[in-house]
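Understanding the architecture of this molecule
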Amino acid sequence: MANLFLYSTLVALQSSVLLPSPALSSNVLLAKKDKKPPAAVVTEVEILKENFADTWFYTLRGSLKNQSDASILTPLVYYEIYSEETDKIIEAGTAEIKPKILTAGTAGSFQKELNTTGKIRITLVQWQQVDKAIKSHKQMQFFPLETEDSTEEEAGNPSSP
């Protein structure tokens with residue numbers, strides 16, 4: 001008699017676990033993961049072109065903002081330079097952010113000498129948190145090529161015809 005009671009209880013439990021009633025399954029809500037903004041984001045990038053003694057020199061310059069509510073340490077920006085004619089990668093590398101410690105809400109800058117010019121794509125931003133954990137953000141964003149002439153036009157001083 002006791003075995004029959006245990007058997008019927010076990011069958012009832014299995015059926016409720018394996019086959020939940022439609023009323024119960026419709027009330028179950030799946031929790032969505034809140035998407036937080038990335039802690040560190042590159043906000044500006046430009047390539048400066050300078051001509052000294054008939055030789056062109058190129059400098060990648062930009063800024064990174066710490067959008068988190070904690071400090072980030074040793075941020076690093078990964079970039080790619082694409083040819084304007086062929087859209088192929090012609091140079092890639094990393095740039096260190098100065099200062100090495102960005103407190104919450106502050107910005108840092110980077111500057112890197114290049115061998116060429118082209119379209120800029122920031123691919124990854126990487127940093128270390130105070131607890132020594134390494135974090136990153138895949139930015140994967142193109143920035144327009146900005147020269148001295150285009151920055152004057154953007155500032156509201158169109159070039160004369």
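Described in the following lines is the structure provided in the data block. In this text the structure is predicted, and so the values were computed from the model without any measurement.

1. Points about the pattern of salt bridges
In this structure the tally under the stated criterion is five salt bridges. The closest approach of N and O atoms between K100 and E96, which form a salt bridge, is 2.9 Å. Within this structure, E96, K98 and K100 form a network of salt bridges that share partners.

2. So, the nonpolar core
Core analysis: the biggest nonpolar cluster contains 22 residues, and V42, V45, L60, L64, F110, I120 and I122 have the highest contact counts within it. Listed by contribution, the elements that provide at least two residues to this core are β1 (40–52), β2 (55–66), β3 (72–82), β6 (107–114) and β7 (119–129). Leaving out residues up to four positions away in the same chain, I122 has contacts with V42, V45, V77, Y78, Y79, Q139, M140, Q141 and F143.

3. As for the pairing of strand β8 (residues 134–137)
As judged from the four bridges shared by β7 and β8, these two strands associate in the antiparallel manner. Across the sheet, the residue bridging to V125 is H137, located in β8.

4. Considering the environment of K98
Checked against the element boundaries, K98 lands in the loop between β4 (89–96) and β5 (101–102). Exposure remark for K98: the relative accessible area of 49% places this residue in the partly exposed category. The sequence separation of K98 and S109 amounts to 11 residues, and the corresponding C-alpha distance is 5.5 Å. Contacts of K98, omitting those with residues within four sequence positions, involve G108 and S109.

5. Looking at the pairing of β3
Along any regular strand, the residues point their side chains to alternate faces of the sheet. Among the 11 residues that make up β3, eight are buried, leaving the element largely enclosed by the rest of the structure. In this sheet, β5 lies alongside β3 in antiparallel orientation, the contact comprising two bridges. When the sheet's bridge partners are listed, I72 is paired in β5 with L102. Judged from the nine bridges that link them, β3 and β7 form a sheet pairing that is antiparallel. Opposite Y82, over in β7, you have K119 as the bridge partner. In this sheet, β4 lies alongside β3 in antiparallel orientation, the contact comprising seven bridges. Looking at the pairing, Y82 lines up with I89 of β4. Here β3 folds back onto β4, and the loop between the two strands holds six residues, one of which, D87, carries a positive phi near 60°.

6. Details of the sheet that holds β2
Reading across from one edge, β1-β2-β6 is the order of the three strands in this open sheet, with antiparallel pairing throughout. Lying at the two open borders of the sheet, with one neighbouring strand each, are β1 and β6. Between one strand axis and the next, the sheet turns by 20° as a mean value, whatever way the strands run. In terms of strand pairing, β2 meets β6 through eight bridges, oriented antiparallel.

Cut-offs applied
Residues numbered from 1 in each chain as written. Predicted model: local features only at pLDDT ≥ 70, side-chain atom pairs only at ≥ 80, totals over all residues. Heavy atoms only, no water. Salt bridge = Lys/Arg side-chain N within 4 Å of Asp/Glu carboxyl O. Core = buried A, V, L, I, M, F, W, Y, C linked by side-chain atoms within 4.5 Å. Buried < 20%, exposed > 50% of the residue type's maximum accessible area, 1.4 Å probe, protein only. Helix = DSSP H or I, 4+ residues; strand = E, 2+ residues; numbered from the N terminus. Contact = heavy atoms within 4.5 Å. Pairing = 2+ DSSP bridges. Axes fitted to C-alpha atoms, helices over the stretch in contact; angles between N-to-C directions.

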